[in-house]
Amino acid sequence: MSRCGFVARFLMVAPVCLTAGLMQAQIVGQLPALPAVSVVESARGFDATIGPETLRVVVCSNAIVHVVTRPVGGTVEHAQPWLLPADQSCKGAPFQFTKDAKSATVTTAGISASISLDRGNLTFKSADGKTFLHEAGSVPRTYSTVTENGVQRTHIVDRFSPDQTEAFYGLGQHQSGMFNYRGSTVELGQNNTDAAVPLLVSSRGYGIVWNTAAFTYVDNRFPLELSFDSMAGDGVDYFVVYGPEMDGVIHQYRNLTGHAPMLPRWSYGFIQSKDRYKSLDEILAIANRYRAEKIPIDAIVQDWFWWKTEGDPVFNENYHDVAGDLKKLHEENFHTMISTWGLLDPRSQTYQKLDPAGLLIPNAHVYDPSNAKARDEYWQSLIHPLFAEGWDSFWLDSAEPEEFWPHGGDAILRDKKLSIGDGAMYTNLFPLMHNEGIQQHWRATNDDKRVFLLTRSAFLGQQRVGATVWSGDVYSSFWGLRRQVAAGLNFALSGMPYWTTDIGGYWPTFNVQDPAYQELYLRWFQFGVFCPVFRSHGHRPNNEMWTYAKVEPTLVEYDKLRYRMMPYLYSLAWKVSDGDSTIQRPLVMDFRADPETWNIGDQFMFGPALMVSPVLEAGATDRRVYLPKGALWVDFWTGRTTEGGVHVQADAPLERIPLYVRAGSILPLGPDEQYAGEKVNGPIELRVYRGSDGSFDLYQDEGDGYNYEKGKHSLIPITWSEATRTLTLGARSGSYAGMPQTMTFHIVWVGAGHGIGGSEATQFDKTIVYNGTAVSIKAE
């Protein structure tokens, strides 16, 4: 049976298939020779015909090409709102077109794309002429006409022939526990704990942006075949992006779909949440205790069921003076987040406005964010009144979305009709349009307050809207914790910089006094300190740090470490926005040349300096850690140095997570503080990990608002020269309102037993008062 027939049998429909130019009906036997392939140069690349099939290759940049096919020609186009406008995402670049008896090729300064004149399959090469990707030589593309619920659609498959050793990453966030997807099948469909982002990244230095919102399988069960199998489409549509380093792949992806903005400084601090606080009186009491006990914290979250009627901005009888209570929290330097849903109670005024106007998804209780009028009404009826009341951020829960009120089942949008088009074509689109609608209205309403959204699903382009995804309602177990690490790392390799989990897991509810659960909570908390967003949540009667009395002192110490890292972390956030960087970095991002890192999904870099190895087994007091080749590694807790390229058994008593620092790192640490904006001007403890050259740019701005987009920020370039043993703080560039004229830096030359651990150093090697002009310090 042909692959087309197999697909048809799987779907229980009669196959009508077109495979790279050949129409096949019913039972398919041997394939006859392909029709001749005809290729002509175009203004942007080349156009080809293979029988009735048309294929277009468009040069978007020196590192990106766009491939679009149609099974029987035609120019049917559908909106693709995840892409930036074409004049931004696909500007074009100089290229050469060549053609000989075997192939036709477009070549840019970075890559080339060729089509075989025998088989019609595509091959992609780097500038040095080495092939990094090619479609299968036999039957590369298949189009199957299927009928579902009386609607005829085209089922799309494209097949590639991967290298025998390459590894695959990205594709959003999934709870399989897998890091390298080689040999597996990944389902791209939104679901609680699964976020569908069709960007595949390869260890060979390329990425494939599968340019559709349709439900899709990415299949590599056959060792030498990688297929993208979409349930609906007009034809094949994908971008090939080339790095070759993974940061380069992510940069090209964001060039296509949008760059990530800065989040407010407070959002990088600790966020306290649970399911659920039942009044603002309760929240105020908890906030007061955090401040009284001097435990660092920035935000508290109001989870669901605060409403009288879901979908309306009216609080139930437990809430008395919401605006006044929010003002009290703000006076104590707290920020707040409130949960809202796209799911609406049919009794709500919001529902009753949207329904007669045709602004709901048919046969569901969810508004249709693909409709601009629906986005307007949803903002005006629900979100804007809460925003005006003083809430600082929004938790856009269930962005898959859940389909039926009251709270039942994730929506299968493929059988719905959306405003933008057939739900089968836009199955995975909801979270992007939902989040972007809020972001756009927010910025139009108040540009002095940076957008910060928390949500449960993601799609291409969502990084551009100020949204953080959390991993969903995950299990409270070490089994669940282990899966979060690989899930988060693949999410980062999907071009999404901001991610978090429910520290401690969401459910089931355990006795929080059980020492076994407190161990799990602490280990999860230690991991959470090194996630881009640091948030505790769960379905528990109590979830504040003092709830976990047996481990509370250690929790507080790690919380303080998070705040000490704020100068480092906030500077990393600037790198995300300004340079398309990634904060939580799988080892393969920085050490791709070391194959040992390709399958390590339980260690990661936190920025360029810190390597984090979470403890993921109950009762563990040590764990195996790999130190990548090509670097010296300094134990954060002891200051001892080890050459890379080896596995070590790292000590991990309950109060310790194994941390190593790459030699050459410059790590700026702030003073102890109670909230992220308390001591933004230092003094800064500047730890220098010698053994290699290094650099770091210390970034500062106003902490909120969008003046940074107008150039209102500063950078202090800091470098270490191993040869001359000299640390240089370069001249500060830029300025912003409130910038200090001078800053105090305490220099620490890290060594064995010196400049170690999370607490402030008690002995400095040099102290300087920096006034913005360059200064150099020589190590003794």
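Everything numeric here is computed off the predicted structure, so don't read it as measured data.

(A) Highlighting the overall build of the chain. Regarding its fold elements, the chain presents 13 helices and 47 strands. Computed over C-alpha atoms, the radius of gyration of the chain comes to 27 Å, within 12% of the 28 Å expected from 2.2 N^0.38 for 780 residues, which places it in the range of a compact globule. Summarising its shape, the C-alpha atoms of the chain cover approximately 80 × 70 × 50 Å along the three principal directions. Relative to its full complement of 780 residues, the chain shows a buried share of 64%. For the chain, restricting intrachain contacts to residue pairs at least 6 apart in sequence, the fraction spanning at least 24 positions comes to 69%. Averaging the positions of the 67 positive and the 86 negative side-chain charges in the chain gives two centres separated by 3 Å.

(B) Representation of the sheet that holds strand β20 (residues 237–242) within the structure. Sheet architecture is open: eight strands sit in the order β3-β4-β5-β6-β20-β17-β16-β14, paired in antiparallel fashion. Edge strands, defined here as strands with exactly one partner in the open sheet, are β3 (37–41) and β14 (168–173). Strand after strand, the sheet turns through a mean of 20 degrees between neighbouring axes, direction not considered. In this structure, strand β16 (residues 195–202) lies alongside strand β17 (residues 206–210), joined through three bridges in antiparallel fashion. Across the sheet, the residue bridging to Val201 is Gly207, located in β17. Contacts between helix α3 (residues 246–257) and the sheet are confined to β5 (53–61), β6 (64–70), β14, β16, β17 and β20, with β20 contributing the most and set at about 140 degrees to the helix. Where helix α9 (residues 478–492) meets the sheet, it contacts β14 and β16, and its direction lies at approximately 100 degrees from that of β14.

(C) The sheet that holds strand β45 (residues 743–749), seen in detail. With respect to topology, four strands assemble into an open sheet ordered β39-β40-β45-β46, the strand pairing being mixed. Either end of the sheet is taken by a strand with one partner, and the two such strands are β39 (666–669) and β46 (766–770). Neighbour-to-neighbour, the strand axes of this sheet turn through a mean angle of 25 degrees, independent of strand direction. Both strand β40 (residues 684–688) and β45 contribute to a ladder of five bridges, which runs parallel. In the strand pairing of β45, Arg687 is matched with Val748.

(D) A look at the state of the cysteines. Scanning the model with the defined rule gives one disulfide in all. A disulfide bridge connects Cys60 with Cys90, and the sulfur atoms are separated by 2.0 Å. Between Cys60 and Cys90 the sulfur-sulfur dihedral comes to about -85 degrees; the bridge is accordingly left-handed. Note that Cys60 is positioned in strand β5 and Cys90 in the loop between α2 (86–89) and β7 (96–99), a separation of 30 residues in sequence. Owing to a relative accessible area of 12%, Cys90 belongs among the buried residues under this scheme.

(E) Fine view of a nonpolar patch on the surface. Residues Tyr475, Trp479 and Trp507 make up a contiguous nonpolar surface patch of roughly 320 Å² in combined accessible area. Trp507 sits in the partly exposed class, given a relative accessible area of 35%.

(F) Local environment of the environment of Gln175. Summarising the element assignment, Gln175 is placed in the loop between β14 and β15 (185–188). In this structure Gln175 comes out as buried when scored by relative accessible area, which is 18%. Along the chain, Gln175 and Phe334 lie 159 residues apart, while their C-alpha atoms are 33 Å from each other. Setting aside anything within four residues of it in sequence, one finds Gln175 in contact with Thr193, Asp194, Ser471, Val474, Arg483, Gln484 and Ala487. Of note is the side chain of Gln175, whose polar atom sits 2.9 Å from the side chain of Gln484.

(G) Quick look at the packing of aromatic side chains. Summed over all chains, the structure comprises 53 aromatic pairs. Consider the rings of Phe387 and Phe394, whose centres lie 6.3 Å apart with planes at 45 degrees: the pair is tilted. Centre to centre, the rings of Tyr570 and Tyr699 are 5.8 Å apart; their planes meet at 45 degrees, and the pair counts as tilted. With Tyr570 in helix α12 (residues 566–579) and Tyr699 in strand β41 (residues 694–700), this residue pair connects regions lying 129 residues apart in the sequence. For the pair Tyr570 and Tyr699, one class covers both residues: buried. Aromatic rings pair up to connect Phe270, Tyr290, Phe510, Tyr517, Tyr521, Phe525, Phe534, Trp546 and Tyr548 into one cluster. Against the face of Tyr570 rests Arg265, its NZ or CZ located 4.8 Å from the ring centre. Geometry around Tyr706 places Arg443 over its ring, the cationic atom sitting 3.4 Å from the centre.

(H) Representation of the pattern of salt bridges. Tallied over the entire structure, the rule returns 36 salt bridges. As a salt-bridge pair, Glu148 and Arg153 come within 3.4 Å of each other at their nearest N and O atoms. Note on Glu148: relative accessible area 22%, which makes it partly exposed. Through salt bridges with shared partners, a single network forms among Asp397, Glu400, Glu402, Arg456 and Asp473.

(I) Geometry of the nonpolar core. Ranked by internal contacts, the top residues of the largest apolar core, which has 186 residues, are Phe525, Phe530, Leu610, Leu727 and Phe745. Dropping the residues within four chain positions of it, Leu610 is found in contact with Phe530, Met565, Tyr568, Phe604, Met605, Phe636, Tyr660, Val661 and Leu667. Listed in part, the 42 residues of the second largest apolar core include Phe46, Ile111, Ala196 and Leu226.

Rules used in this analysis
Residues numbered from 1 in each chain as written. Predicted model: local features only at pLDDT ≥ 70, side-chain atom pairs only at ≥ 80, totals over all residues. Heavy atoms only, no water. Helix = DSSP H or I, 4+ residues; strand = E, 2+ residues; numbered from the N terminus. Rg over C-alpha atoms; globule rule 2.2 N^0.38 Å. Buried < 20%, exposed > 50% of the residue type's maximum accessible area, 1.4 Å probe, protein only. Contact = heavy atoms within 4.5 Å. Lys, Arg positive; Asp, Glu negative; His and termini not counted. Charge placed at Lys NZ, Arg CZ, Asp CG, Glu CD. Pairing = 2+ DSSP bridges. Axes fitted to C-alpha atoms, helices over the stretch in contact; angles between N-to-C directions. Disulfide = S-S within 2.5 Å. Patch = residues over 30% accessible without salt bridge, like charges linked within 9 Å, V, L, I, M, F, W, Y side chains within 5 Å. Areas by Shrake-Rupley, 256 points an atom, 1.4 Å probe, with all protein chains shown as cover. Salt bridge = Lys/Arg side-chain N within 4 Å of Asp/Glu carboxyl O. Polar contact = N/O pair within 3.5 Å; in protein donor to acceptor, adjacent residues only side chain to side chain. Phe/Tyr/Trp six-rings, centres within 6.5 Å; stacked < 30°, edge-to-face > 60°. Lys NZ or Arg CZ within 6 Å of the ring centre and 35° of its normal. Core = buried A, V, L, I, M, F, W, Y, C linked by side-chain atoms within 4.5 Å.

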